[in-house]
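Now for the letters of each chain:
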Amino acid sequence: MSTNLTAIYVAATATVTDYPTRLRSIDWANAANQFKTLTVRDASAAGTVIYQAALPAGGSSNVYLDDGIRANNKVHVSVATSVYATIVVG
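Conventions and cut-offs
Residues numbered from 1 in each chain as written. Predicted model: local features only at pLDDT ≥ 70, side-chain atom pairs only at ≥ 80, totals over all residues. Heavy atoms only, no water. Pairing = 2+ DSSP bridges. Helix = DSSP H or I, 4+ residues; strand = E, 2+ residues; numbered from the N terminus. Axes fitted to C-alpha atoms, helices over the stretch in contact; angles between N-to-C directions. Buried < 20%, exposed > 50% of the residue type's maximum accessible area, 1.4 Å probe, protein only. Contact = heavy atoms within 4.5 Å.

S.K.: For this particular structure, what's the right way to read the sheet that holds strand E1 (residues 6-10)?
M.R.: Strand pairing in a sheet relies on backbone hydrogen bonds. The paired strands run either parallel or antiparallel. An order of E1-E8-E3-E6 is seen for the four strands of this open sheet, with the pairing classed as antiparallel. In this open sheet, the two edge strands, each paired with only one partner strand, are E1 and strand E6 (60-71). Averaged over all pairs of adjacent strands, the angle between strand axes in this sheet comes to 20°, irrespective of strand direction. The pairing of E1 with strand E8 (residues 83-89) spans five bridges and is antiparallel. Following the sheet pairing, Thr6 is matched in E8 by Val89.

S.K.: Looking at this model, I keep getting lost on the environment of Val10. Mind explaining?
M.R.: Note that Val10 resides in strand E1. The class of Val10 is buried, set by a relative accessible area of 2%. It is 6.0 Å that separates the C-alpha atoms of Val10 and Thr86, two residues lying 76 residues apart in sequence. Those residues in contact with Val10 that lie beyond four places of it in its chain are Val16, Val77, Val79, Val83, Tyr84, Ala85 and Ile87.

S.K.: Please explain unusual backbone geometry as it appears in this structure.
M.R.: Keep in mind that most residues, glycine aside, have a negative phi and that most peptide bonds are trans. Phi angles above zero are rare outside glycine, and Ala43 is one such case at about 100°. By relative accessible area, which is 18% here, Ala43 ends up buried. A positive phi angle, close to 85°, is found at Ser82, a residue other than glycine. Among the residues examined, Ser82 registers a relative accessible area of 15% and is labelled buried.

Encoded structure:
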């Protein structure tokens, strides 16, 4: 069975979906010369944390989640200035 996937570019804190979905992958880069974080929540900025990553200075990475992480409400992503990410949901 196939799943429709959607890639969403994130450069600021925002609610990126308004529907239930699964977080499938995250590609991120931290352009700052200091430690930053990336946080994904189910629902709003005060929702349950479903994924959080510590981002090293000047680092980048790809995270692939085979079965995904379920967001029962919607997906909200918090990123610091200088952090850029592509979130894949579906």
